[in-house]
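Summary of the model geometry
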Amino acid sequence: MTDIPDEVDFSTLSIREMRELWENRIPAIQGQRPDWYLALARKLRHRSQPFWTFEVAVEGRDLPACDPETYLELSQIAALSLARTGARESAEAELLELLEQAPSNVETLSLLGRVQKDRAYRAGAEAERTRFLGLASDYYEAAARHDPEGYYPLINAATLALLLGRTDSANEMAEEVKKRCRARLAKEDHYWIHASLGEAQLILGNTESSIAHYLEAAHKAGDDYAALQSMRSQAFNLLKQLGIPREIMAEVFVMPAILVFSGHRPDSEDRESPRFPVDAAAETSRSLLNAMRQHKSCIAYASAAPGADILFCEAVIQLGHELRLVLPTPLHQFRDYVRETSSPDWLKRFDAVAKEASNITEASQARYNESVQGPSLYDFVNRLILGSAKAEAHFLATDLHTITVWDGEPNPSVGGTSDCIRLWSSHGIGLDTWIDSRSGTTMESSEKALSRNSNIATAADSELPQTTKFILFSDIVGFSGLEDSELPEFFEGFLKRVADRVATLNIKPLAQNSWGDAFFFVFDSASDAGRFALEMQRAIAADLWIPASTNKALRCRVALNAGSVFAIREPMSGAFSFVGSPTNRAARIEPIVQEGQIYASEYFAALANVETLEDFALEYVGNRILPKSYGTSRVFALIEKTDS
């Protein structure tokens, strides 16, 4: 770790440089620098980095040296970040607490309006949509009353008035927004001013002028993708209300494409039939560059094994796009693996790629042994890449694209390129760009090869040393306070009633175990694990047994994790089970879960994005310190979905 500079101009730093500063901070020294946290949080909120932004804001506001003004702004940034992750209830709770302290704060009122507006746009029933639009309108209009010269709350109030059918009021406010924005442009030329003018002109029916202002706003916003998405969402909702096809603004807001990649490693010297020969690397690099030049901007997800992975990453970096790496192990350990199994040139290129990545996700904390862990761990990495990319595409409301460097030959092995393509296909994701690894040329059609690949049987779990599974670990809060005389009722009464109810589910765990009040279950899917956890919580909440010794109804804490685990037969009991660091991590998350809640790790959340979840959603809670020196984990609360 190194000391932080006294002065940092975050406007000049890349996302990778900001990540390096953040990871090298020394809390004991930075504890006196809330201004540093505020500067970083301000910069990050304009990027597609809501989890990281939240963590910076919360750590900064909790510093002893944080003054009330800085605390307020950091708390507002934290709430905005929560809203962007989809945790709208948590964001609202944060903001209502701030509103109690400062009832007339314009930013807090506006953010509360934004949260309600988001809820309205996602409401299923029309009555719910109207109710949330009304609440949003109230907050924005209150903010506008406290900001007589501002344009931001007023333009939102105008848009909401139009959506609620109050056309005259909307037009009146839009005219006032035009005056305020033009006056502000004499002092500064910011993209939000042009976006507000675009919105006002659209409300007033001046479509050509609206498009011109939106184009200027989009140009000035650059890579502030969160702002671009906000502008686009607001514009599209207005167009829908006005009965104007959204296609008129299709070219105004150009969002980054989200790319996911999989490709072969270089052929070994003893390989009989070529799959990715060394002499195809240069042409492959050119084809990758040409494929990515089709997109104005990209956020790319990949791993960084020697071969096609690194070639892809180099192309991303060369074109100035954003690279997010997912590695099977911690960075230093995977670097050791590259050094031990590849040439010095590949190691040098790996170091360069890792240095330029804006994010590095480590799929496992365990030391890597390819001969033991390889197939399943690479399958887990493929799923993490896909889940993370799908979440990003959903947040930015943009398209997900796939690129592969592949020989076109189906292969039953788990975790390889063929298997990754089957993973994409199984979730309805096609192959957008196929570069033939044998020649480096881009193939015109992939349908025949995809069909052959889909029809091949993948190796069964029973054939693998490890396999990707979903783990549930829970315990009963208050068990340790029971008297011995109450234990028979706990096990033979309360716990049996809970078990009987859970047993009625059509979800059967692959393995299960218990130790007193602690329970361990393993599942094949995030959906099964989440539904089982919800039913378990419902069963416990429905059984209001209140032991005399505690005088409190028993509740449960549940932790969910996902990872690559070993399937074993326990020698002593003969029971079938799964073991590995992911099961240990689930056990470490469980103690930090709030009573009666279900928390999931970032790994579980990422893999859950790959599935279609009908019964629950995951809302970001924060980065939490785990007990027993297990580091930290981003955790998500599992929330049961309602009809609205």
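Given the structure is predicted, the values throughout are model-derived calculations rather than measurements.

**A few points about the pattern of salt bridges**
- Counted according to the given criterion, the structure contains 39 salt bridges.
- The salt bridge partner of E73 is R42, with a shortest N-O separation of 2.7 Å. Within this pair, whereas E73 is found in helix α5 (residues 68-85), its partner R42 is found in helix α3 (residues 34-44), the two being separated by 31 residues in sequence.
- The partly exposed category is assigned to R42, whose relative accessible area is 37%.
- Between R339 and E340 there is a salt bridge, with the nearest N and O atoms lying 3.8 Å from each other.
- Here the residues in one salt-bridge network are E409, D436, R438 and R452, joined through shared partners.

**Digging into the packing of helix α15 (residues 308-318) against helix α17 (residues 344-356)**
- Axis separation between α15 and α17 bottoms out at 10 Å; the angle between their running directions is 45°. Considering their axes alone, α15 and α17 lie oblique with respect to each other. In this structure, α15 crosses over α17, and the sense of that crossing is left-handed. Where α15 approaches α17, its residues I310, L311, C313, E314 and I317 are matched on the opposing element by W346, R349, F350, V353 and E356.

**A few points about helix α8 (residues 126-145)**
- A rise of 1.5 Å per residue sets the reference length of α8, with its 20 residues, at 28 Å; its end C-alpha atoms lie 28 Å apart and thus fit the reference within 8%.
- Looking at the packing, one finds that the buried side of α8 touches α6 (88-101), α7 (106-122) and α9 (152-163).

**Some words on the pairing of strand β9 (residues 518-523)**
- The buried fraction of β9 is high, at six of six residues.
- Alternating residues of β9 divide into A518, F520 and V522 and F519, F521 and F523, and every residue in both groups is buried.
- Bridging between strand β8 (residues 511-515) and β9 involves five bridges; their strand directions are antiparallel. By the bridge assignment for β9, S514 is matched with F519.

**What to know about the pairing of strand β5 (residues 400-406)**
- With six of seven residues buried, β5 lies mostly within the body of the structure.
- Pairing of strand β1 (residues 257-263) with β5 involves six bridges; the strand directions are parallel. In the sheet register, V260 faces β5, and the bridge partner there is T402.
- Here β5 runs beside strand β6 (residues 433-436); their pairing, made up of four bridges, is parallel. Within the sheet, the bridge partner assigned to V405 lies in β6 and is I435.

**A word on the side chain of S437**
- For S437, the position within the fold is in the loop between β6 and α20 (447-454).
- Given a relative accessible area of 0%, S437 falls into the buried group.
- Setting aside anything within four residues of it in sequence, one finds S437 in contact with H264, R275, F276, P277, A280, V405, W406 and D407.

**A look at the confidence of the model for the protein chain**
- Per-chain confidence: the protein chain averages 88 in pLDDT, with 95% of residues scoring 70 or above.
- Mean pLDDT values over the elements of the protein chain span from 51, in helix α2 (residues 27-30), up to 97, in α15.

**With respect to the packing of α5 against α7**
- The geometry of α5 relative to α7 is characterised by a closest axis approach of 11 Å and an angle of 5° between their N-to-C directions. When the interaxial angle is binned, α5 and α7 end up roughly parallel. Listed contacts from α7 to L72, Q76, L80, A83 and R84 of α5 are E107, T108, L111, R114 and V115.
- Broken down by class, the residue content of the contact of α5 with α7 amounts to five nonpolar, two polar and three charged.

**Comments concerning the sheet that holds strand β4 (residues 359-362)**
- Spatially, six strands are ordered β4-β3-β2-β1-β5-β6 in an open sheet, and the strand pairing comes out parallel. Of all the strands in the sheet, the pair left with one neighbour each is β4 and β6. Strand-to-strand, the axes of this sheet are offset by a mean angle of 20°, without reference to chain direction.
- Where β1 meets strand β2 (residues 298-302), four bridges bridge the pair, whose relative direction is parallel. Within β2, the residue paired with L259 across the bridge is A300.
- Contacts from helix α19 (residues 417-426) reach β1 and β5, with the element oriented near 155° to β5.

Conventions and cut-offs
Residues numbered from 1 in each chain as written. Predicted model: local features only at pLDDT ≥ 70, side-chain atom pairs only at ≥ 80, totals over all residues. Heavy atoms only, no water. Salt bridge = Lys/Arg side-chain N within 4 Å of Asp/Glu carboxyl O. Helix = DSSP H or I, 4+ residues; strand = E, 2+ residues; numbered from the N terminus. Buried < 20%, exposed > 50% of the residue type's maximum accessible area, 1.4 Å probe, protein only. Axes fitted to C-alpha atoms, helices over the stretch in contact; angles between N-to-C directions. Parallel < 35°, antiparallel > 145°, perpendicular 65-115°, else oblique. Left-handed = near helix turned anticlockwise from the far one by under 90°. Contact = heavy atoms within 4.5 Å. Expected span 1.5 Å × (residues − 1). Pairing = 2+ DSSP bridges. pLDDT = per-residue confidence, 0-100. Nonpolar A, V, L, I, M, F, W, Y, C, P; charged D, E, K, R; others polar.

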